[in-house]
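Observations on the three-dimensional arrangement
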Amino acid sequence: MKPIDPPWTTLVDVATLAAHLDAGVRVVDARATASTAVRVVDARASLADPQAGASQYAAGHVPGAVHADLNRDLSDLSRTGHGRHPLPDSDAFAAQLGAWGIGPDTQVVVYDGSDGSMAAARLWWLLRLIGHRRVAVLDGGIAAWQAAGQPLATGAAEVPALPAYPGRFDGAQIANADEITARLKHAPGWLVDARAGERFRGEVEPLDPVAGHVPGAVNRPFALNVLDGRLRDAQELRAELQGIIGNRDPQQVVLMCGSGVTACHLLLAMESAGLSGARVYAGSWSGWVSDSSRPVATGA
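These lines cover the structure that appears in this document, whether it is placed above or below. (Residues numbered from 1 in each chain as written. Predicted model: local features only at pLDDT ≥ 70, side-chain atom pairs only at ≥ 80, totals over all residues. Heavy atoms only, no water.)

**Considerations on the overall build of the protein**
Helices and strands together make up the secondary structure of the protein, namely 10 helices and 12 strands. Taking 300 residues into account, the globule formula puts the C-alpha radius of gyration at 19 Å, and the protein, at 19 Å, falls close to it. With the C-alpha coordinates aligned to their principal axes, the bounding extent of the protein is approximately 55 × 40 × 30 Å. For the protein, the proportion of its 300 residues judged to be buried stands at 53%. At a minimum sequence separation of 6, the contacts of the protein that also span at least 24 residues come to 77%. Counting 25 positive and 31 negative side-chain charges, the protein places the centres of these two groups 3 Å from one another. (Helix = DSSP H or I, 4+ residues; strand = E, 2+ residues; numbered from the N terminus. Rg over C-alpha atoms; globule rule 2.2 N^0.38 Å. Buried < 20%, exposed > 50% of the residue type's maximum accessible area, 1.4 Å probe, protein only. Contact = heavy atoms within 4.5 Å. Lys, Arg positive; Asp, Glu negative; His and termini not counted. Charge placed at Lys NZ, Arg CZ, Asp CG, Glu CD.)

Next up, the structure:
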C-alpha cells in the first residue's frame, strides 16, 4: 500500500487505525507482509517491573504489532551519569528500526497501556529524533483498542527486516545538563518538569536518591494532560500550556521528568496543542542529581 498521506504525526484514534488495517494491512496469523504501510509497535512498560511489558505483549497485543522494550530498545543502561534511562546509541536504534521493518516511508503507530506515557511517547520522540515524522501514538492505547472490541493477537509478530534506518539522532533536539546549568538564572517558564507534584516539591522520592527539582523549574504533571486515558482537547491543552510557558517560543522551552520518559508525553501534548519545537532534557532529574554539585530546590 502507498504511504498514508498526510501522515499521522501526533495521535491516531482506534477507529482510524482499525479501519486502515481492515482496508488491507491487517496481518494474518500475526505475520506482516512486505507491502504493509503501517507498522504498529507495542511499547508497554512498567518502572516497577522491567519484565511487565514483554509479558503483556505475549498475553495479547494489536495484531501485527512488534514489541519495543523500554530498557533494551529505547535506552542504553550501560551509560552512566545520564539518568535512569539514557538515550540508546543512535546506530543501534537505527538497526533496531530496520529489524522492526521500519523504513523512511513506514507509518508507525505506537501504543502502550493507555495514555502513551509509558513508553509510547518515548518511542515517538526517538523516531522524531532520528528524522522520522510518520509516527503517531494510539490515543488511549491498548485499553481503548480493547474497549472498542478490537481483536488481540498472541505470539511474536514476524516482520520482514529492512536495512538500518538511514538517519542519526539530531542532537539539537536534545537538551543536556550544561545547558540547564547555564540557564538557571533565567526567568521561570523555560524549564517544565512533568513529574507528579509531590515529587517535584521533594515531599517524596520513590525512584531517585535525591528529592526536589531543578531551581527555577515549573511543574506541569503529565497526568493533567489526559482524561480517561486519552490526551485532552487540543485547544484546552494549548491554553493551559501557554499559561505555563508564557510568551516564549516553544523552541526555547525544555521539558524534563524523572528519567526522560514522561517528559516525552508532555512534548506530545505540546505538539498536539500546536506548540511545536520544545526539546527534552534526556537525563532529566535522575541525570541531574547524578552530580552532587548541581543545585537542588524543594517546595512549590
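**Here we look at the pairing of strand 4 (residues 107-111)**
Of all 5 residues in strand 4, 5 are buried, a share of seventy percent or more. Burial along strand 4 is two-sided: the residues Gln107, Val109 and Tyr111 and Val108 and Val110 are all buried. Sheet topology places strand 2 (residues 38-42) next to strand 4; 5 bridges connect them, and they run parallel. Note on strand 4: the bridge partner recorded for Arg39 is Val108. Relative to strand 5 (residues 135-138), strand 4 runs parallel, the two being bridged by 3 bridges. Paired with Val108 across the strands is Val135, a residue of strand 5. Between strand 4 and its parallel partner strand 5, the chain crosses via helix 4 (residues 120-129), and the hand of that crossover is right-handed. (Pairing = 2+ DSSP bridges. Right-handed = clockwise from strand over helix to strand, strands pointing away.)

**Details of the sheet that holds strand 8 (residues 218-219)**
Pairing in this open sheet of 5 strands is parallel, and the strands run 6-12-11-7-8 from one edge to the other. Edge positions in the sheet fall to strand 6 (174-175) and strand 8, since each of these pairs with one other strand and no more. Examined bridge by bridge, strand 7 (residues 191-193) and strand 8 share 2 bridges and lie parallel to one another. Of the residues in strand 8, the one forming a bridge with Asp193 is Asn219. Against the sheet, helix 9 (residues 262-272) makes contact with strand 7, strand 11 (254-256) and strand 12 (279-281), and its axis sits at roughly 135° relative to strand 11, the strand it touches most. (Axes fitted to C-alpha atoms, helices over the stretch in contact; angles between N-to-C directions.)

**Points about the side chain of His85**
Mapped onto the elements of the fold, His85 is located in the loop between strand 3 (66-67) and helix 3 (90-99). A distance of 3.2 Å separates a polar atom in the side chain of His85 from a polar atom in the side chain of Asn71. With residues up to four places along the chain from it excluded, the contact list for His85 reads Leu47, Leu70, Asn71, Ser75, Leu77, Arg122, Ser259 and Val261. (Polar contact = N/O pair within 3.5 Å; in protein donor to acceptor, adjacent residues only side chain to side chain.)

From the geometry alone we can't say anything about function, so treat these as descriptive.
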